[in-house]
Each structure stands twice: as C-alpha cells, then as structure tokens.
Amino acid sequence: MLRIHYSLESQLKDGIADIAAPEELSIQVRNLVLKTAKRKKVGFGSTIAEHPSQSGGAFHAAASGTVRDLDYHHLVIACGEGGDDAEPVNVASLQPGRELLRTLQELGIDIAVLSSRAETLVINGMNPEPGVSVAEQMLADEMENLEAGLDVACALIEPQRTILAVADASEYRLPGTTPQSIKAKYPNSLDALVVKAVTGEEFPSNAKIMSVMDLYALGRVVRTGLPVTETVMTIEGRNYRVPIGTPIRHLLSCLGIKAASGDTVVLGGSFRGEAVYSLDEGVRKGDYGMFVISSDAFPHVQDVSCINCGECVLNCPGRIQPNLISRYAEYEMFEMAEKHGLHSCFECGLCAFSCTMRRPLLQYIRFAKDQLRAAGRSEQA
Amino acid sequence: MTPPIIKAMSDIATRLTVSPAPHWRCGRTLHAMMRAHLAALLPALLAGVYMFGLPAAATVGVAGSVAVLTEVLCLRMQGRDVDVDNFTALYAGILFAFLLPATAPWWVAAAGAVVTIVLGRTVFGGFGCNPVCAPLVAWAFCRMSWPAAMDIDLNLAHFMSNDPVYQLQRFGVEALSQFDYVDLLLGRQLGGLGASQVAALLVGGGFLLITKWIRWYIPVSFVLGVSAVSTLFWFIDPGTYAPPLFHLLAGSTVFGALFLATDTASSPVGKLPQFLFGLIAGSLVVIIRVYGAFPDGVPFAIMLTNLLSPLLDRVRPKPFGGK
Ligand code: SF4
Ligand code: SF4
C-alpha cells in the first residue's frame, strides 16, 4: 500500500531559479473586469483586469505583447512587441491610509487583510502543503522583501504583537517577529490551525494571518513599485520564479517533465490544489506548486455511498462529520450541512484523502459552500 | 441566458484527468479492506477446522458461497452492478458461519447466509447501509426459528468437553472448575466454530489493528466493558458470579470485540462515540449472561448497541470555532 507522509519539512538545496520566458501567456479572466481587448497591445505590468470585489488585487501582464485571444474565460497574450511598460509607482512615499491601500490594490495585492487593525499579526512561515517548500525558501532567500512587506503590513494593521510561525526544526527567523515553532506535519500549516496554535483560540476576531508569500509579494511591490506579475512555485522539489500566465506546457518542456494522457496535473498543492484540464492553462497568482500525478498512482474517486467507516471523521481537524455533511450536500440539503458545522471546515482535504470508499468529500463540501454563497448573494440582491 | 460554451483549448493530444482535490489519497480501498478482513479470519478458520474437523470447513463453505450467490441475485434484481468481487458478501457469510456450531445442518448455514444478505443488508440498501450487524440478524433469526439446530451443546454432544457459557448459565459457578483458562484461550472449548478460537482470533484481530483497518477504540472499550461489569458482579459475590477472565475467554467475547462490534456500518463514527459504543456493548454482554435467557450474551449485546449507534453519534465535539 502506498504510504504518504504528511511532513512539511523541506531540504532546500538551491536558491529560486528562473524560468525561460514563454512565448505566450494564458491568463484566467473568468469573473474579472477586463481592462483590455482583443488585438490590443499591452506592455509589461499594464493592467489587464480588475477584481470585482472591493479588496481583490488587479491583474497585470507579465510580459509585453498583443492580446491574441480573448473569451470570457481566458486571455492569451502573444509575447513580443507590445505597448508601453508600466512605470514604477513610488509606493514607499505613501503614508498608511486609503491611498496606500488603493495603490497596493492597483498593483495586484489583495488588501482584505491589510485594511483593518488587529491586535495580533501572525506570519505563517510554514510550508503550506507536503511537497511545497516555497515558504521556507522565502525565509531563506528573500529577507529584504519580507522585511519590507512586514513594515508596510505593520504600518497598516498596527498589531501589538507579530509572530512568525515556523516548523519546529527550522532555524528561520524574521526580524520584528517572535518565532513560534509548530510541528511540521500537514495540516498544521493551515491558517486556522496556525492561528489556533499561536493564540490558543479558534477563529479569534482580533488576530490576522498572512503567509510569507503574501509578505513577499507585498514587499516586492513596495520596493520596486511594480505590480505582481510572478509567483514562486515548487516543482519536483525545486523552487522557480514563474511569470503569471506561463502555460503549463512551457513549464514541463523547460524542466523536462512528461505528462501523459490520463495523468492529473495540479496547480497548487496536492491536497487543496486544482486539476487543470489542458496543458495550455496558465499559472495563476498564488499557485505555489505544480504536480504531475500519474494516472495509476492512486485509486480513483468514485461515486458510491458511504459505509460509515468513520475514517473521515477521525481525521478531520475541523472536528466535523464529513460523511454526514457530504451526504447533505449530495442531496442538496445545504442548510443542514451548515447546521452541522460546514463552516468549520477549512478544506484541508484529509477526509477525502482517507475515505475508504473514495468519495469526493471535499468536492461536496466546496459545492455546499458555493451554493450557500450563491444563495446569500441572491438574497442580498 | 445561454450558458457560454468553453471551447476545448487547442491541444487535445494529451487528455488530462480532471478530478477533485485532494489529488493524493491514502490508498485505502474497500477491496483491500475486505482482503485484510478475510485474511484476519483465516487463523480462526484453520483453528476451527483443527478443533472440530471437516464439518467446520463445510459449514463455512456453504454459508460463504450461499451469501455470495444471494448477493448476486439481490443485486441483479435491483438492477445494480454486480460487485461481489469486493468480497463483502463472502465476508458477511463467513462471519455468520463462525457463530454456528460446526455440525449445524447445512440448510441452517444456507438459510442463515440468505438472511444475512437479504434481511441484514439488502433491505436497508446494501452493504454499508445496515443499521445492525448483518450476520447477527441472521444469527438471531436462526436462533429463534431453529433453536435445536443452533444449540451448541446439543450439536456438539459427541465432544467430551462442554460449552462454558452454557455450563455457567445452567449449573452456576461451581461447574466452571472443569475449565482451564489456557484451554479456553487456545480454543479447546465448545462454541461457534470460529467464534470460540480465542487465540487465533486475537492473531487475526491484532493484524487488523496493526494495519489500522480497525481502530482500537471499539475492541478495547468492549473488553473494558466486559471486564468492568464482570469484576463488579464478581466482587459482589464470587460464589455466584464468574470471574472476569472467564467472561473474556468464554463464548464469543473476543470475536464480538474484534469482528462484530467493529462492523463499519452499524457502529458509530467518532472516537468518543466508538469508545462508548464498545463500553456499552461489553457491559451488556455480562448483563445478558447473568440475567438473560441466552448463554452467550455477545450477539444480542452487539445488536442492541447497534440500535444506539445513531444516538451515540450525537455525542460529538463542538466543531472548530463553534459555539
Ligand atoms: S476538508 Fe474534510 S477533513 Fe478537512 S476540515 Fe474539511 S471536513 Fe474536515
Ligand atoms: S471515510 Fe468515506 S466511507 Fe468512511 S465514513 Fe467517511 S465518507 Fe463514509
């Protein structure tokens, strides 16, 4: 039987490597407010779309070129001769406040966590999932950006204490924060569990959490004045700086990785990430890993009924009953799912990971949450 | 509004599998689970055949194969996929056979196997949906319908030894001096053909525990329940009530703890509920043996507690961050 380790430890051997520039960028624009059109020329760093929510960051071209293709789902930029590159913004000169927040948002930062105060600020320095080592890589190599990011975050959030959560064996520190070690085992790296470990409270209202990846992006924007156009991601144990929109096909060919028909290619982590349907799909903001999982590595998900073995319940860190909640979701009884603790689920994926019958438990849970969200929206409207 | 159509992106040479997260899985499957459970029954089966001779093997063979055939028929009639190759029906049939006297008439074994599948499982929606451990339903059915055919002492009268729990019920504690605990442990006692092979069951159950196919909560608390209540009685009057060790080794206590009470569908799902479940079932075993009409309290104790499962499942911790 295949044994998976949940360890979040990483052995970093090298620094962050660069990926050769791709010929095309493919950016998901579903549900975004477009700021460009087909056949238009875009420059490096120019805004191509805005987020519809009040706090979501804008999206920018990671290279200059021409918009070759555009539908409601994708925007494809053929790289090459393009429009004018974006001018750096002098972010450092702005005082904490409205204008700073708006500027950060325009430069691609999600400002939800920055726009109000909190007593405690937790910096999550744990690697998010097994097989992803981005967090520790940044603590090892990106201190300047992290410190710059922390300065801005502290100026906006004004916390009384700032804590860095790190894996128990690691030596990483961040000036201005108090270190706190946490056992390096998934799911301990999830935000909700890290906050609990640091504050002793579950979902406390006076604490906020940011990952070192958020901090890095913030610091980089502040120091360069340029928008977020890349993400750092772990691929087969090494970390790469990848322009947002880089097609997966390009990554595979650069790194000599093969993906055959039937395999699963995952953007993000192997517990919570998303399987893409095409190798032409581009890397998204906040994708910290890519995994190619061969078709015979794991038994497939199946649509069968639960046998009440209880493995999902015994493994759930949210202390809810995924077997019950998934059944409510299956039969569209979303309110009942909510009543039984749906919102205590932080989507770690452990329930479906350990299900004997291989039911798509996390899928059902996300479905229920989505449906409730949609219902909430239509009520407000 | 017509929903937008997402055109397949240019390349279809590599057709990827799109599946929901998590993309890693622990590798548990029903098939592997049942294979492990069947392997765990093997030591007790061999020990049973060694003790009772070939009739034991024949009884298990009849019950097992009839259970599988019945399952095939039931699935066909329901228009479902015939998936007996997952071994669940075979396993249920053998569990039932383990409770029988080795020389039970073949038709009792066959009828019980049919009842296991039809009444125990199919009417509730199939494997995994049964509120009561399926082989026990059949056991109770046969026990009521054909008491003589199911009677251990009667069937195995040609053996020199006696059924310990029966002796206790009929003749009281004094009769127990004929039994040696080592004999009981090694299965040299009369009882269900597999259910009385205590040492062999411990080997099989131990294997399931080590490989984590069953969790320790139910078996351990079951044994705790039996020990606690029997100690209590024994403390009150050692002249009337049997010592705890006797209750643990005689009858199908160990079989119940490791194989019947741990049935996935009919036991609760949480840690504390499972623990309480075992504790209650274990306590009931002794109470039934002391006050009840049936010598071996195990089957009824577990069936009764099965009915409490939904209630026990309500004993659960507050969800994360919940009020
Ligand atoms: S994903 Fe599953 S295991 Fe994880 S918190 Fe949610 S219900 Fe529990
Ligand atoms: S792990 Fe799967 S089969 Fe077992 S109780 Fe949970 S949902 Fe049901």
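Residues numbered from 1 in each chain as written. Chains lettered and ligands numbered in written order. Predicted model: local features only at pLDDT ≥ 70, side-chain atom pairs only at ≥ 80, totals over all residues. Heavy atoms only, no water.

Looking at an unreviewed UniProt entry, chain B carries the name RnfABCDGE type electron transport complex subunit D, with the source organism given as Pseudodesulfovibrio senegalensis.

Identification of chain A as 4Fe-4S dicluster domain-containing protein from Pseudodesulfovibrio senegalensis is taken from an unreviewed UniProt entry.

Okay, the overall build of chain B next. Along its length, chain B carries 15 helices and 0 strands. Each principal axis of the C-alpha atoms in chain B carries an extent, and together these give about 85 × 50 × 30 Å. Considering chain B as a whole, with its 323 residues, one finds that 57% of them fall into the buried category. Expressed as a percentage of contacts within chain B between residues at least 6 apart in sequence, the contacts between residues at least 24 apart total 75%. Between the averaged position of the 19 positive side-chain charges in chain B and that of its 15 negative side-chain charges there is a distance of 16 Å. (Helix = DSSP H or I, 4+ residues; strand = E, 2+ residues; numbered from the N terminus. Buried < 20%, exposed > 50% of the residue type's maximum accessible area, 1.4 Å probe, protein only. Contact = heavy atoms within 4.5 Å. Lys, Arg positive; Asp, Glu negative; His and termini not counted. Charge placed at Lys NZ, Arg CZ, Asp CG, Glu CD.)

Not every one of the 13 residues close to ligand 2 is listed here, only the nearest: Cys306, Cys309, Gly310, Cys312 and Cys355 of chain A. Among the residues making up the shell around ligand 2, the classes are represented as 7 nonpolar, 4 polar and 2 charged. (Near = heavy atom within 4 Å. Nonpolar A, V, L, I, M, F, W, Y, C, P; charged D, E, K, R; others polar.)

By convention, interface size is frequently given as the accessible area that disappears when the constituent parts associate. Under the domain assignment, chain A is made up of domain 1 (17–86 + 254–293), domain 2 (91–223) and domain 3 (311–375). Each of domain 1 of chain A and domain 3 of chain A has a C-alpha centre, and the two are 30 Å apart. (Domains from an automatic or database assignment.)

The positions that UniProt labels "transmembrane region" (unreviewed entry) are, in the present scheme, residues 38–69, 89–115, 122–141, 190–209, 216–236, 242–260 and 272–291 of chain B. Annotation note: span residues 89–115 of chain B, helix share 74%, strand share 0%, distance between end C-alpha atoms 12 Å. (UniProt positions renumbered as here; feature names shortened; annotations may be inferred.)

A few words on the sheet that holds strand β17 (residues 289–293) of chain A. All names here are of chain A. Taken in spatial order, the 6 strands make up an open sheet running β1-β14-β13-β17-β15-β16, and their pairing is mixed. Of all the strands in the sheet, the pair left with one neighbour each is β1 (17–18) and β16 (274–275). Sitting on the sheet, helix α2 (residues 134–141) is in contact with β13 (230–235) and β14 (238–243), with an inclination near 115° to β13. (Pairing = 2+ DSSP bridges. Axes fitted to C-alpha atoms, helices over the stretch in contact; angles between N-to-C directions.)

With 44 residues of chain B at the contact, the number on the chain A side is 73 residues. Carbon and sulfur atoms supply 61% of the area buried between chain B and chain A, which totals about 5,000 Å² over both sides. Run the count over chain B and chain A and you get 2 salt bridges. With its nearest N and O atoms 3.9 Å apart, the salt bridge here joins Glu311 of chain A to Arg28 of chain B. Linking chain B with chain A are 19 residue pairs in polar contact (both at pLDDT 80 or more), by the criterion used here. Listing elements by their share of the side of chain B that touches chain A, those giving two or more residues are α1 (30–52) and α14 (271–291) of chain B. Within the side of chain B that touches chain A, the residues separate by chemical class into 21 nonpolar, 13 polar and 10 charged. (Buried area = accessible area lost by both parts, 1.4 Å probe. Salt bridge = Lys/Arg side-chain N within 4 Å of Asp/Glu carboxyl O. Polar contact = N/O pair within 3.5 Å; in protein donor to acceptor, adjacent residues only side chain to side chain.)

Looking at ligand 1, there are 13 residues lining it, with Cys316, Cys345, Cys348, Gly349 and Cys351 of chain A nearest. Its residues placed into classes, the shell around ligand 1 shows 10 nonpolar, 2 polar and 1 charged.

With that settled, consider the side chain of Thr264 of chain A. Checked against the element boundaries, Thr264 of chain A lands in strand β15 (residues 264–267). Residue Thr264 of chain A is classed as buried on the basis of its relative accessible area, which comes to 9%. Those residues in contact with Thr264 of chain A that lie beyond four places of it in its chain are Ala275, Phe291, Val292 and Ile293 of chain A together with Thr17, Ser19 and His23 of chain B.

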